[in-house]
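# Observations on the model geometry
Each chain, letter by letter, is given below.
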Amino acid sequence: MITVLRNLSLALSMALLGAIATPSLASPPPLEAYGSLPEVEDAAISPSGQRYAFLMSAKGARQLLIVGPDKKVLKSIAVGDVKVRSFDFVTDDLIMLQRSSTEKLGHDFAQDKFEFYQAVLIPVQQGGEMQLVFGDRRSLVNAVFGYYGTRWIDGRPVAFFGAIELRRSDRSNTGYEFQHGRPALYSVDLLSNDSRHVATWPPEYSTRHWLVGASGSVIATLDISKNSGRWSIDGPNGKIASGRNPAGDVFLVSIGKDGSTIIYGSRDETTDITHWYEVPIDGSRPSEVIYDDVDIVRIYRDRKTGHMIGYVTETEQEEPFFFNATATKRAKAIKQAFATYRNRMIDWTEDFGHVLVRTDGNHDSGTYFAVDLTTNRADAIAYERLAIGPDAVGAVSKVTYKANDGLEMDGILTLPPGKEAKNLPLVLLPHGGPHSHNTEGFDWWAQAFASRGFAVFQPNFRGSTNRGEPFIQAGYGQWGRKMQTDISDGMAALAEKGIIDPKRACIVGASYGGYAALAGVTLQQGLYRCAVSVAGVSDLSLMSRIENRERGNSKIARRSLEEELGPRSGYREISPRFNADRADAPILLIHGRDDTVVEYQQSQKMADALKDAGKPYEFVELKGEDHWLSLSDTRKAMLKAAVGFVMKHNPPD
């Protein structure tokens, strides 16, 4: 690891990384440099600020590496292809890691496969034995179903998880058998791994969520009926709030900042706007709407108490705000210091004296900084992609434009390194979700295409999450319609500026982006030379049936899905599968066999439809891969196939 020291009072520049852009590259990095999992995937800082943990690869081997203040390795644990979802220090001597795996289910279940999460306790000291949460409880499924925080009780860290309880049975070898999938709440002493029942599961056809207070007691329980949408929040002394929401759009946000209130959100059915309400736990005074004048994209909680301590607002730089004035001042100083790049505080000590910051963007393929606010210094301690140097990172910028109906939107443009932004071939890369958005940073998929000579545009079409709730709702019922033309309107705007050649464009995407890619050459014509769909939806009726079945055929799930997609009678019209005969460009289908989000058969059925229609297509199966492209080998295989297909049908030169 390389250390670079800089004074935080100075704005960081490209010189921070020793980066001076060169006019052109003799040759771009290999595709593997983009498709491989990063050399550093994630990092965490210990409560004292003296230890760091990195999920990283060294010489092709993935490992969890724990180092001390002198960069001395304290422990290294091989993780192989384990899908690590998160990890954090509990104490300086203990890490809690969450991992997932895709498992097949039996015939008695609504789903064929399910992504199970497990929590693993990892001692830092050498020789310490790792333990699986619920691993020694035969009466519980050895997985976790929701994490409700860690509280310090009598000086000991106690975590709270959802757990599925099994019932006694003479027919099973273990003496227990499955009864239902509604989790109860359990506490786990993280030092001893002892667990105990805290709160029971919800009634049938209901969901239940909890807020756990600083003392470890449940201070709020939210129940929602899957059929009627009726909901209620109960506190220690009785009902706090209740109502009815036909789409089930009610959720617990956090415990309030002083611990005497809870915050929940609910969407107003008349205005379609989500409000946050702060309600006293004892129900002593009426609830009031809070933060209605602020678009909040993320909240911060105290790790020991669960109290809300701050939030991040939806602004150009995602401004942080803490209720503690010193923390706010320090957080804003970090934002200002790293303003040249996309940056995010990913971990910090309780006193906010030590902060772990991740940056990426122009001339930065991903860097982790240890910021010591007691000495006002920043150390660059790890790089995500050493093979992709500063001069190999294509320039990234935001482009604003208007849709054909006048709606204002934007997208992220990535240019090929060393190329003039003029008359370039284009890859349109719409995001998944569809409720997410792209920002100005290093995107490995976009940069891979840019390295091969393409301009890449990632439009934030209506339905994206970067312009507030009305913009999200503008996408309701617009799959294959205005959401689709928003994408091609972005291409037209770039063509008008002379940046791209609209006659040399392909559309590529994953998940919803995969649907948009298929729709671009079936529901639309004459725009693209090719399309690549990774784990894309091809049949909305099939998606609707599967999602409703997996959600227990609840009425609120059906209503919510219909609100999102529009009336079921129109699904066939906007499903690429049923418009395969209109495909006017070659299509590449790529799908992970273990996908539990968009089922593999979505691509299978699209392939069958294209074959029947006599349309050119290719189909790549990723064995053992999930929806998120979690495995390095299959992710590289996806990228090689996708880039190769685009270069074949839309050569950059």
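On a predicted model such as this, the values are computed, not experimentally measured, just so you know.

Attention shifts here to the state of the cysteines. Considering all chains together, one arrives at one disulfide under this definition. Each sulfur in the disulfide pair Cys 506 and Cys 530 lies 2.1 Å from the other. Taking the torsion about the S-S bond as the criterion, the Cys 506 to Cys 530 disulfide, at about 115°, is right-handed. With Cys 506 in strand 35 (residues 500-510) and Cys 530 in strand 36 (residues 530-534), this pair connects stretches of sequence that are 24 residues apart. Of the residues examined, Cys 506 reaches a relative accessible area of 0% and is grouped as buried.

Of the residues in the chain, 93% reach a pLDDT of 70 or more, and the chain-wide mean stands at 90. Considering only residues more than four positions removed or in separate chains, one finds that residues 1-24, a stretch of pLDDT under 50, has 56 contacts.

What follows concerns the pairing of strand 2 (residues 40-45). Remember that side chains alternate between the two faces of the sheet whenever the strand is regular. In terms of strand pairing, strand 2 meets strand 3 (residues 52-58) through five bridges, oriented antiparallel. Counted as the bridge partner of Ile 45 is Tyr 52 from strand 3.

Our next topic: the sheet that holds strand 14 (residues 184-189). Ordered in space as 10-11-14-15, the four strands form an open sheet in which the pairing is antiparallel. Edge positions in the sheet fall to strand 10 (147-153) and strand 15 (194-199), since each has one partner strand and no second. Averaged over all adjacent pairs, the angle separating strand axes in this sheet is 30°, with direction ignored. Bridge count for strand 14 against strand 15 is five bridges, and the pairing is antiparallel. Following the sheet pairing, Ser 187 is matched in strand 15 by Arg 196.

Quick look at empty space enclosed by the protein now. In total, this model carries three cavities of 30 Å³ or more according to the counting rule given. In this model, the largest cavity occupies a volume close to 40 Å³. Counting only elements with at least two residues in the lining of the largest cavity, the list comes to strand 24 (296-301) and strand 27 (342-348). With three residues, the single largest contributor to the lining of the largest cavity is strand 27.

Conventions we followed
Residues numbered from 1 in each chain as written. Predicted model: local features only at pLDDT ≥ 70, side-chain atom pairs only at ≥ 80, totals over all residues. Heavy atoms only, no water. Disulfide = S-S within 2.5 Å. Helix = DSSP H or I, 4+ residues; strand = E, 2+ residues; numbered from the N terminus. Buried < 20%, exposed > 50% of the residue type's maximum accessible area, 1.4 Å probe, protein only. pLDDT = per-residue confidence, 0-100. Contact = heavy atoms within 4.5 Å. Pairing = 2+ DSSP bridges. Axes fitted to C-alpha atoms, helices over the stretch in contact; angles between N-to-C directions. 1 Å grid on protein atoms, 1.4 Å probe; cavity = no way out; pocket = protein on both sides within 12 Å on 5 of 7 lines; lining within 4 Å. Points joined across faces, edges and corners; volume = space filled by probe spheres on them.

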